[in-house]
Amino acid sequence: MEEKKKEPIYPIEPWEITEEGFRLENVYRNETTFALSNGYIGTRGTFEEGYDFSEEEGLEGNFINGFYESEEIRYGEWNYGFPTMSQSLLNLPNLKTVKLFLGDEAFDMRKGKLIDSRRTLHMKEGTLEREVKWQSPSGKMVRIRTVRLVSFSCKNLMAMSYEVTPLNFTGVIKLVSLLDADVCNHTRKTNPLVDYGPFGKHLLTKQIRADGDILYYEGRAKNSGLTMACGSRHRIQGGVFKRTEFCQDDKAFLEYETECGEGITITLHKWMAYLNCLDLTSGEEPEAKVYQILQKAEKEGFSHLYEEQKAYMDAFWQKADVRIQGNHYLQQGIRFNLFHIMQAAGRDGRTGMGAKGLSGEGYEGHYFWDTEMYVLPVFAYTEPALAKTLLDFRYDTLDEARERARVLGHEKGALYPWRTINGQEASTYFPLGTAQYHINADIAYAFKLYVDVSGDYEYLEERAAEVLVETARVWADVGCFASCRGGRYCICAVTGPDEYNAIVDNNFYTNLMARENIKDALWALKTLGERNGRARENLVFRLGITEDEIQYWEKIVENMYFPYDDERKVYPLDDGFMMRKPWDDTKIAPEKRHLLYENFHPLFVYRQRMSKQADAILGMLLHCDLFSKEELRRNYDFYQEVTLHHSSLSTCIFGMLASRIGYEKEAYQYFEQSARMDLDDYHNNFYAGIHAANMAGTWQAIVFGFGGVRVYEERLLIEPALPEAFESYSFHIKYRGNALEVTVEKERAQVCLCTDGEVQFLFRGKQVELRGKGDQWIEKI
């Protein structure tokens, strides 16, 4: 655990994140901190006046989940099966800009005198507020207040309120609202891959215009062919205004000018709508749709939308809030993390959730395994309907996964892409991409977890069982029963979660998750047969499942091989791990230690006995009930020695396993690092977007780690402990339609049923049954 606690970047507050003052060097990072999203639209926390920052200073970013551009991928050497077309989340026209002029002087925080400046992310309400007091170079003083939101009640809608009040003068004030379509991605800054576009402008303008109080745009992605439209509608109060509208190149302008008296407040309300071609029904025109959304929003008013936002967020926090008594520092961190993952998840069933959410261009906006292994468990226990929509995306791209499996030589089954937006593989470096076959088992795990926690057996019949079977089929084809391993089933030439050990044989995590994937497929067929024999018959017929195939799966389950070191009595990462050269950090320059691939050839990295991140440990955590505590301790101790934690996905996993085996001090230290990793920018890369997996991992650390919550053999287990640094903590979970609140204090733990119904669970090994709202179980700990 090298990383030490960092000083907080922002003031410690339970429900807010506040930036005080203005520093140019903090702009890029703060744009991510103050990013807003609703799972469909994402917008970075840029300033309303639209500064011309350089590529090193900031990034204006507005995105639609799933709207991407493609380019032909250029390889120095190409092999069969390499992806041929890239996918990149495309930066879209910016509608947020409002420029303020006091006579001929433009409001610019870099000029004049900035008397006061404060931006606040109100996590409880889901809004971003900004307050500024500024004096122009000529001495004119104004107060500015803005409020911004991305609506949860209408996925296509953003809105903002802009207020300006002259404090020491009467004179001409002009507000200029802008639609800026002259945008492109910061590919060189946010993407370390060489020659992976898009480079330059890739959104081609079909039409742009200023029409009364409306600015409107339509465009098409140059290569992917996807089309989008956006527009803004305005209402201004506080004077008699001269309105001027015009277009210039790829920009549309709407100016409001008035003579404003000292102390009089001008208020501009601005509603902004984004949509893409997938939002339109047959025969529906994008212009009519955008105008309809904006007209409805203006009619209802900004206050109505604001109250709807607050109501949505209140309902979310009632279901998902984690309360920590005695540690405001960590309380702020966990809420910040929950806020960002909640707002980033796709909600329409057509889209997933990128590793960076919709907060930036990092990782090209791609969906990885992060969603299923880190984020989805949070929603499975708090918002099962949202978990289900994320799984729907994987089901709806099952045919693309089947096609990918054929490319990789598998005659049956489906192989999901390592990174994607449209369901096709987008990873260009196969040792750290396509070779990570564990993505199949990760997705299967998420489907099974959702069914276990929700009890949604209809979903098992309709979708989950098919995914479990098709992913299992690849595992039954990718390996073989090797005589040199005593006839055990071996899986070769794969990469596990640890990207410092690539193309290995018998990666422990992969083999374990593959076996459990096959077990889950067998469970699905058995459960369907018991609950709905016809559904099982239909699935067997449709997929051509044979008894011989089922028997082969059972043989694999009984004979899966796992590498084992007799001397240390641990499960090494893979067959060759213990033969590699012991890692010596002291021989690596400090500035190069966290950037190995940027400073060393991959072969040098592959030959070292060390691990980038939690790998085997993750498998043991997910299936901890298959191992004794002593086994878990030995393996944890071993991987503590060799893991570098160079991935944001790592520390939260170690912390949870430490909780499980009673290493309470280490569990807390890991949690402390994870909880504020993004908020305090531990890795100095928050500018490119959030680390959604780690954010979700901190919720897991509380609920699965300290709270000891898990489902095993279709039973809910709760085994809580209290970290010494906490006075108490509490959280909410949903289990099979029932809401539970778990509270852990110094001397006791309490589980309360918050809904009408019945629920059974094991509390530290004791069978407990609660009946009816308010029923509770209390036990000393």
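Everything below is about the structure shown above.
Because the structure is a prediction, the values reported are computed rather than measured. (Residues numbered from 1 in each chain as written. Predicted model: local features only at pLDDT ≥ 70, side-chain atom pairs only at ≥ 80, totals over all residues. Heavy atoms only, no water.)

**Comments concerning the packing of aromatic side chains**
Phase 1 of the analysis: Under the definition given, this model contains 51 aromatic pairs.
Phase 2 of the analysis: When the centroid spacing of 4.4 Å and the interplanar angle of 5 degrees are considered together, the rings of F152 and Y312 count as stacked. Taken together, the positions of F152 in the loop between β11 (141-150) and β12 (157-166) and Y312 in helix α4 (residues 302-320) put the pair 160 residues apart, joining distant regions of the chain.
Phase 3 of the analysis: Arranged with centres 6.3 Å apart and planes meeting at 80 degrees, the rings of F671 and F726 form a pair that is edge-to-face. Placement of F671 in helix α19 (residues 664-675) and of F726 in the loop between β26 (715-718) and β27 (728-735) is noted, with a sequence separation of 55 residues between them. (Phe/Tyr/Trp six-rings, centres within 6.5 Å; stacked < 30°, edge-to-face > 60°. Helix = DSSP H or I, 4+ residues; strand = E, 2+ residues; numbered from the N terminus.)

**Topic: the sheet that holds strand β4 (residues 62-64)**
Phase 1 of the analysis: Spatially, the 3 strands line up as an open sheet ordered β2-β3-β4, and their pairing is antiparallel. Bordering the open sheet on either side are β2 (36-37) and β4, each of which pairs with just one other strand.
Phase 2 of the analysis: Examined bridge by bridge, β2 and strand β3 (residues 41-43) share 2 bridges and lie antiparallel to one another. Bridge pairing in β3 places L36 opposite T43. (Pairing = 2+ DSSP bridges.)

**Quick word on helix α6 (residues 370-382)**
Phase 1 of the analysis: End to end, α6 covers 18 Å across 13 residues, agreeing with the expected 18 Å (1.5 Å per residue, within 8%).
Phase 2 of the analysis: Along α6, the helix axis deviates most sharply at L376, where the bend reaches about 45 degrees; the proline P377 sits within four residues downstream.
Phase 3 of the analysis: Across the 13 residues of α6, 13 count as buried, placing the element largely inside the fold. (Expected span 1.5 Å × (residues − 1). Bend = angle between axes of the 7 residues up to and from the residue. Buried < 20%, exposed > 50% of the residue type's maximum accessible area, 1.4 Å probe, protein only.)

**A short note on unusual backbone geometry**
In terms of backbone geometry, most residues other than glycine have negative phi values and most peptide bonds are trans.
Phase 1 of the analysis: Backbone geometry at N684 places phi at a positive 55 degrees, although glycine is not the residue there.
Phase 2 of the analysis: By secondary structure assignment, the location of N684 is in the loop between α19 and α20 (692-706).

**Focus on the pairing of strand β18 (residues 251-260)**
Phase 1 of the analysis: Counting buried positions along β18 yields 7 of 10 residues, so the element is predominantly enclosed.
Phase 2 of the analysis: Alignment of strand β13 (residues 171-180) against β18, held across 10 bridges, turns out to be antiparallel. Of the residues in β18, the one forming a bridge with S177 is L254.
Phase 3 of the analysis: Pairing of strand β17 (residues 242-248) with β18 involves 7 bridges; the strand directions are antiparallel. Bridged to R243 within β18 is Y256.

**Some words on the packing of α6 against helix α9 (residues 438-454)**
Phase 1 of the analysis: For the pair α6 and α9, interaxial distance at closest approach is 10 Å and the crossing angle is 10 degrees. Put simply, α6 runs roughly parallel to α9. Each of E372, M373, L376, P377, A380 and Y381 in α6 lies in contact with α9, whose residues at this interface are D442, I443, Y445, A446, L449 and V453.
Phase 2 of the analysis: Taken together, the residues that form the contact of α6 with α9 break down as 10 nonpolar, no polar and 2 charged. (Axes fitted to C-alpha atoms, helices over the stretch in contact; angles between N-to-C directions. Parallel < 35°, antiparallel > 145°, perpendicular 65-115°, else oblique. Contact = heavy atoms within 4.5 Å. Nonpolar A, V, L, I, M, F, W, Y, C, P; charged D, E, K, R; others polar.)

**A word on the packing of helix α18 (residues 651-660) against α20**
Relative placement of two packed helices is described by the angle separating their axes and the distance separating the axes.
Phase 1 of the analysis: The geometry of α18 relative to α20 is characterised by a closest axis approach of 9 Å and an angle of 0 degrees between their N-to-C directions. If you check the angle between α18 and α20, you find them roughly parallel. Judged by residue contacts, T651, C652, M656, S659 and R660 of α18 engage N694, G697, Q700, A701, F704, G705 and F706 from α20.
Phase 2 of the analysis: A per-class count over the contact of α18 with α20 returns 5 nonpolar, 6 polar and 1 charged.

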